[in-house]
Amino acid sequence: MKKRILVVEDEEKLRRVLELQLMSAGFDVDKAATAEEGLKLVDRAAMVLTDLKLPRMDGQEFLALIRRQNAQVPVVMMTAYGSVETAVEAMKAGATDFLLKPFSLEHLMQVVHKALEVRALREENRQLKEELGRRYEFDNIIGRSAAMQEIFAAVERVGPTRATVLLTGESGVGKDLIARAIHFHSPRKDRPLVKINCSALPENLMESELFGYEKGAFTGAQTTKPGKFEQADTGTVFLDEIGDVPTAIQVKLLRVLQEREFERLGSNVTRHIDVRLVAATNQDLRAALEQGTFREDLYYRLNVVPLNIPPLRERKVDIPSLANHFVTKLAPETGCRVEASTEAAMEKLVAYHWPGNVRELENVIERSLVMATGAQLDAGDIKLESAPRPRGLNDSHFLPEGLSLDQYEQDIIKEALRRADGNKSQAARLLGLTRNALRYRLTQMGLES
Ligand SMILES: Nc1ncnc2c1ncn2[C@@H]1O[C@H](COP(=O)(O)OP(=O)(O)O)[C@@H](O)[C@H]1O
Ligand SMILES: [Mg+2]
């Protein structure tokens, strides 16, 4: 297939000469007399050959617009008012090469071939990096379960876009990790990734943290300070615990999301930024919507690409590989020689319901490694945090008057089935049982044959 070169030159005669020369060298040619016309044709060009001085637009500005549309395409600048400085400026602005007018057709062809070669090399380099990125970045995120595989695929799909992603899932499921993966699978990976933990900040502080302030904006504002959004310009902002953002600030976030603009505290200068947003929450935002504590318009702006990371107990197939991963990672740090886990240890880990998810698993493995004496982690080395009993046992939380343990258990099982709309897998989950264990109890209750 022939490569297509876009020639942008306002001088008709030169445009025609360039066209003929390039066509006879085996290229397809698009021609434009102005930057505006040229921009419409950039997308299909393998290379751009443009005059530095165009009507209504200088070459640098044009270059910036080309780059915005197509970051890869090589651009060769032709400059007549032959100062080398302008050509150097063009190179700094991202031109691939330049030609000082007048130039010979032979020199033109040399420059064109070189620029196309640069493009091919860049493309090859990009592909190599992408492959490495895939192996490396997902290497440290373990997940064989279908649910995690889907999430990895989604990260690869949406990472390169600027779409806002809303990560949901219980605490410890890996939201931070996935937020990072999204950033590192985006063209912004070499730009800042700024994380803001919304629950850690009181309202008045949050506003100045996010948007910055001018000197004198409030008592104690002795200097001007840019906020996190400004720090993240051209990069990614990760808003953690978005469900905790106070309503007053939700309005301002909405504006950033919609218009990509804001003002520093105490300033009336509107600032524009280019950020990609990833938000995370372990709360049910829909419930917050109903209660009116979370703005609906903000929710829809955030929920462009929703990614739910299921709790670990719903993807138990991930437990053994996660456990092995943490043993390999943590054994050297804890200075012990454990290399693997026994089958019994694995069974114990898989059977547990992990209310603290992957974070809890990591902690448990770390503690177990410290306890372990042999070369393998055994069931006895593993000390699970006992089932959470937030209220503890006391008078009001013992058996209700007059009920036996069996009757009480039956009531709770029925309640779980009711809450799960009769779905046994879900009811079992609510009870921290396997589906089989629930079946067994139901059979005993005479509710299932
Ligand atoms: N799939 C996974 N593979 C490897 N490590 C994980 C995975 N998911 C979570 N972790 C680890 O578990 C801990 C908690 O994860 P994190 O991303 O902070 O969870 P969250 O933000 O949802 O609370 C971190 O140390 C993280 O590295
Ligand atoms: Mg987190």
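Residues numbered from 1 in each chain as written. Chains lettered and ligands numbered in written order. Predicted model: local features only at pLDDT ≥ 70, side-chain atom pairs only at ≥ 80, totals over all residues. Heavy atoms only, no water.

1. Brief notes about the overall build of the protein chain
Piece 1. Tallying secondary structure elements over the protein chain gives 18 helices and 18 strands in all.
Piece 2. The C-alpha radius of gyration computed for the protein chain amounts to 30 Å, which surpasses the reference 22 Å derived for 449 residues by more than 25%, pointing to a less compact arrangement than a globule.
Piece 3. Along the three orthogonal principal directions, the C-alpha set of the protein chain runs to about 100 × 55 × 45 Å.
Piece 4. In the protein chain, which comprises 449 residues, the share counted as buried stands at 43%.
Piece 5. Across the protein chain, every contact between residues at least 6 apart in sequence was considered, and the portion connecting residues at least 24 apart equals 68%. (Helix = DSSP H or I, 4+ residues; strand = E, 2+ residues; numbered from the N terminus. Rg over C-alpha atoms; globule rule 2.2 N^0.38 Å. Buried < 20%, exposed > 50% of the residue type's maximum accessible area, 1.4 Å probe, protein only. Contact = heavy atoms within 4.5 Å.)

2. What about the sheet that holds strand β8 (residues 165–168)?
Piece 1. Spatial strand order, β9-β12-β15-β8-β16: five strands in an open sheet with parallel pairing. Strands at the two margins of the open sheet, each flanked by one partner only, are β9 (193–197) and β16 (305–308). The sheet shows a mean angle of 20° between the axes of neighbouring strands, direction not considered.
Piece 2. Pairing analysis gives four bridges linking β8 to strand β15 (residues 276–281), with the strands arranged parallel. Its bridge partner being in β15, Leu-166 is matched across the sheet by Ala-279. (Pairing = 2+ DSSP bridges. Axes fitted to C-alpha atoms, helices over the stretch in contact; angles between N-to-C directions.)

3. Re the side chain of Ser-145
Piece 1. Summarising the element assignment, Ser-145 is placed in the loop between α5 (105–139) and α6 (146–158).
Piece 2. In this view, Ser-145 contacts Arg-315, Val-317 and Asp-318; residues no more than four positions away in its chain are not counted.

4. Observations regarding the packing of helix α8 (residues 203–211) against helix α10 (residues 247–259)
Piece 1. Direction vectors running N to C along α8 and α10 enclose 15°, while the axes themselves pass 10 Å from each other. Put simply, α8 runs roughly parallel to α10. Regarding α8 and α10, the two cross each other, and that crossing is left-handed. Taken together, the residues of α10 that come into contact with α8 (itself represented by Glu-203, Met-206, Glu-207, Leu-210 and Phe-211) are Ala-248, Ile-249, Lys-252, Leu-253 and Val-256.
Piece 2. Among the residues making up the contact of α8 with α10, the classes are represented as seven nonpolar, no polar and three charged. (Parallel < 35°, antiparallel > 145°, perpendicular 65-115°, else oblique. Left-handed = near helix turned anticlockwise from the far one by under 90°. Nonpolar A, V, L, I, M, F, W, Y, C, P; charged D, E, K, R; others polar.)

5. Considering the pairing of strand β1 (residues 4–8)
Piece 1. The element β1 is extensively covered by neighbouring structure, given that four of its five residues are classed as buried.
Piece 2. Bridge analysis of β1 against strand β2 (residues 28–32) gives five bridges, and the strand direction is parallel. From the neighbouring strand, Val-8 faces β2, where its bridge partner is Ala-32.
Piece 3. For the handedness criterion, the β-α-β arrangement of β1, helix α1 (residues 12–24) and β2 is classed as right-handed. (Right-handed = clockwise from strand over helix to strand, strands pointing away.)

6. Quick look at the domain arrangement of the protein chain
Piece 1. Here the domain parsing of the protein chain yields domain 1 (4–124), domain 2 (156–308), domain 3 (312–381) and domain 4 (395–444).
Piece 2. Taking the mean C-alpha position of each, domain 1 and domain 4 sit 73 Å from one another. (Domains from an automatic or database assignment.)

7. Some words on unusual backbone geometry
Piece 1. Each neighbour pair has its own omega, and for Lys-101 with Pro-102 the value is -5°, a cis peptide bond.
Piece 2. Summarising the element assignment, Pro-102 is placed in the loop between β7 (97–100) and α5.
Piece 3. Residues other than glycine seldom take positive phi values, yet Glu-241 does so here, at roughly 55°.
Piece 4. Structurally, Glu-241 is set in the loop between β12 (236–240) and α10.
Piece 5. If you check the backbone angles, Arg-260 has positive phi at about 55° while not being a glycine.
Piece 6. Within the fold, Arg-260 resides in the loop between α10 and β13 (261–263).
Piece 7. Using a relative accessible area of 12% as the deciding quantity, one classes Arg-260 as buried.

8. Let's talk about the site of ligand 1
Piece 1. Taken together, 17 residues surround ligand 1, and among them Ile-142, Gly-172, Lys-175, Asp-176 and Glu-362 come closest.
Piece 2. Between ligand 1 and Lys-175, the relevant distance is 2.8 Å, taken from an oxygen atom to a main-chain nitrogen or oxygen of the residue.
Piece 3. Out of a free accessible area of 550 Å², ligand 1 has 87% covered by protein chains.
Piece 4. Elements represented by at least two residues in the shell around ligand 1 include exactly α7 (175–184), α13 (318–334) and α15 (357–371).
Piece 5. Partitioned by chemical class, the residues of the shell around ligand 1 number seven nonpolar, five polar and five charged.
Piece 6. Both domains that furnish three or more residues to the shell around ligand 1 are identified here as domain 2 (156–308) and domain 3 (312–381). (Near = heavy atom within 4 Å. Polar contact = N/O pair within 3.5 Å; in protein donor to acceptor, adjacent residues only side chain to side chain. Areas by Shrake-Rupley, 256 points an atom, 1.4 Å probe, with all protein chains shown as cover.)

9. Considering the confidence of the model for the protein chain
Piece 1. Per-residue confidence for the protein chain gives a mean pLDDT of 87, with 93% of residues at or over 70.
Piece 2. In the predicted structure, residues 133–137 sits below a pLDDT of 50 and forms six contacts with residues beyond four places in sequence or in another chain. (pLDDT = per-residue confidence, 0-100.)

10. Describing the nonpolar core
Piece 1. Counting residues in hydrophobic clusters, the biggest one holds 30 residues, and the most contacted among them are Leu-210, Phe-229, Leu-239, Ile-242, Leu-253 and Phe-294.
Piece 2. When residues of this core are traced back to their parent elements, those giving at least two are β9, α8, β12, α10, β15, α11 (285–291) and α12 (296–302).
Piece 3. Of the residues forming this core, the biggest block, five residues, is contributed by α10.
Piece 4. Setting aside its immediate chain neighbours within four residues, Phe-294 contacts Ile-242, Gly-243, Gln-250, Leu-285, Ala-288, Leu-289, Tyr-299 and Leu-302. (Core = buried A, V, L, I, M, F, W, Y, C linked by side-chain atoms within 4.5 Å.)

11. Focus: the sheet that holds strand β3 (residues 47–51)
Hydrogen bonds between backbone atoms are what pair the strands of a sheet, whose relative direction is either parallel or antiparallel.
Piece 1. The sheet built from five strands is open, its strands ordered β2-β1-β3-β6-β7 with parallel pairing. In this open sheet, the two edge strands, each paired with only one partner strand, are β2 and β7. Going across the sheet, the axis of each strand differs from the next one's by a mean of 20°, ignoring polarity.
Piece 2. Against the sheet, helix α3 (residues 59–69) makes contact with β1, β3 and β6 (75–79), and its axis sits at roughly 170° relative to β6, the strand it touches most.
Piece 3. Here helix α4 (residues 84–92) sits on the sheet in contact with β6 and β7, set at roughly 160° to β7.

12. Quick notes on the pattern of salt bridges
Piece 1. Applying the stated rule across the entire model yields 30 salt bridges.
Piece 2. Two residues, Arg-264 and Glu-214, come together in a salt bridge whose shortest N-O distance is 3.2 Å. With Arg-264 in the loop between β13 and β14 (270–272) and Glu-214 in the loop between β10 (212–213) and β11 (225–226), the pair connects residues that are 50 residues apart, well separated along the chain. For the residue pair Arg-264 and Glu-214, the accessibility class agrees, reading buried in each case.
Piece 3. Residues Glu-263 and Arg-255 are paired through a salt bridge, measuring 2.7 Å at the closest nitrogen-oxygen approach.
Piece 4. For Arg-255, a relative accessible area of 28% corresponds to the partly exposed category. (Salt bridge = Lys/Arg side-chain N within 4 Å of Asp/Glu carboxyl O.)

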